[in-house]
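Take a look at the letters that make up each chain.
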Amino acid sequence: EQTEAEAREKLTAARGRLEALVATYDAGEKVRGGVKVAIIGVPNAGKSSLLNRLLGRERAIVTANAGTTRDTVEESYEYRGVLFTLVDTAGLRAAEDEAERAGVKRSAEAAKTAHIVLRVTDLTRPAPAETETTGTVIEVYNKTDASPDRPTGGVCVSALTGDGIEELREKIYEAALGGGVSADGGMLTGARHYELALAALSALSEGLDSLGSAPPDCVLVDLRRALHLLGGITGASATDDVLDSIFSRFCVGK
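Remember, predicted model here, so these are calculated numbers, not experimental data.

Turning to unusual backbone geometry, a few remarks are in order. If you check the backbone angles, Asn44 has positive phi at about 70° while not being a glycine. For Asn44, the position within the fold is in the loop between β2 (35-41) and α3 (47-55). The phi dihedral of Lys143 is positive, around 75°, even though this residue is not glycine.

Next up, the structure:
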């Protein structure tokens, strides 16, 4: 037989796991809809080369001339089951003509709406770009092949040789999820499942709160509702026999 204290301990643990699952929804939305990653920096910092490296193919035009990229270039890649959309932007500087000014403006807009911003700094000519964003900023120090400097607080890479690129991919992935995986490895990616999990959490909390102050049958109703709602996510269902068996071991009041 289980005492009320033991029942409370197990239900509290179950509520904690369900709370952790509900907390994954923000990251889950990104997994489902994709993560927008803006690459910003001053001209010739190596943004287009970095985009090509992350993609694993030549997508953006790369030249030694400043201002080559005059509009945003978007391309996607998948990493560990998550879709990332890279946005290569025009170099942030005082534009020399109308076309470049339009590109710089679009670059600033892309940074504002991105989930993640890669701020690229050329180690041979350190000049970090200023930007406004609500996303997570990852400092990327490029051209390790041409400079011995290794600043801390970011990721040091060489878009030319590929040095540090895998570490950067992992850093982007971690920033995207932001801890958005439960201890059980689960993640909510759909709005319907999120609503079901929230409702199940509410039902479980009601049952836990009433344990010891209400008849066992009343607690059983709340738990049955929670299990039914979770069944809408997993496809499994709990029969009355299973629930009765569980509660037959609870000696409430001991």
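Considering all chains together, one arrives at two aromatic pairs under this definition. With centroids separated by 5.4 Å and ring planes inclined at 20°, the aromatic side chains of Tyr77 and Phe84 adopt a geometry described as stacked. Looking at Tyr77, the relative accessible area reads 7%, which means it is buried. Their ring planes at 75° and their centres at 5.9 Å tell us that Tyr79 and Tyr173 sit as a pair that is edge-to-face. Linking Tyr79 in strand β3 (residues 73-79) with Tyr173 in helix α5 (residues 165-177), this pair joins segments that are 94 residues apart in sequence. A relative accessible area of 12% means that Tyr79 is categorised as buried. Residue classification places Tyr173 among the buried residues on the basis of a relative accessible area of 12%.

Moving on, we come to the pattern of salt bridges. Tallied over the entire structure, the rule returns eight salt bridges. One salt bridge in this structure joins Arg225 and Asp222, with 3.3 Å as the shortest N-O distance. Here the residue Arg225 and the residue Asp222 both occupy positions in helix α7 (residues 216-234), the gap between them amounting to three residues, near one helical turn. Arg225 sits in the partly exposed class, given a relative accessible area of 34%.

What counts and what doesn't
Residues numbered from 1 in each chain as written. Predicted model: local features only at pLDDT ≥ 70, side-chain atom pairs only at ≥ 80, totals over all residues. Heavy atoms only, no water. Helix = DSSP H or I, 4+ residues; strand = E, 2+ residues; numbered from the N terminus. Phe/Tyr/Trp six-rings, centres within 6.5 Å; stacked < 30°, edge-to-face > 60°. Buried < 20%, exposed > 50% of the residue type's maximum accessible area, 1.4 Å probe, protein only. Salt bridge = Lys/Arg side-chain N within 4 Å of Asp/Glu carboxyl O.

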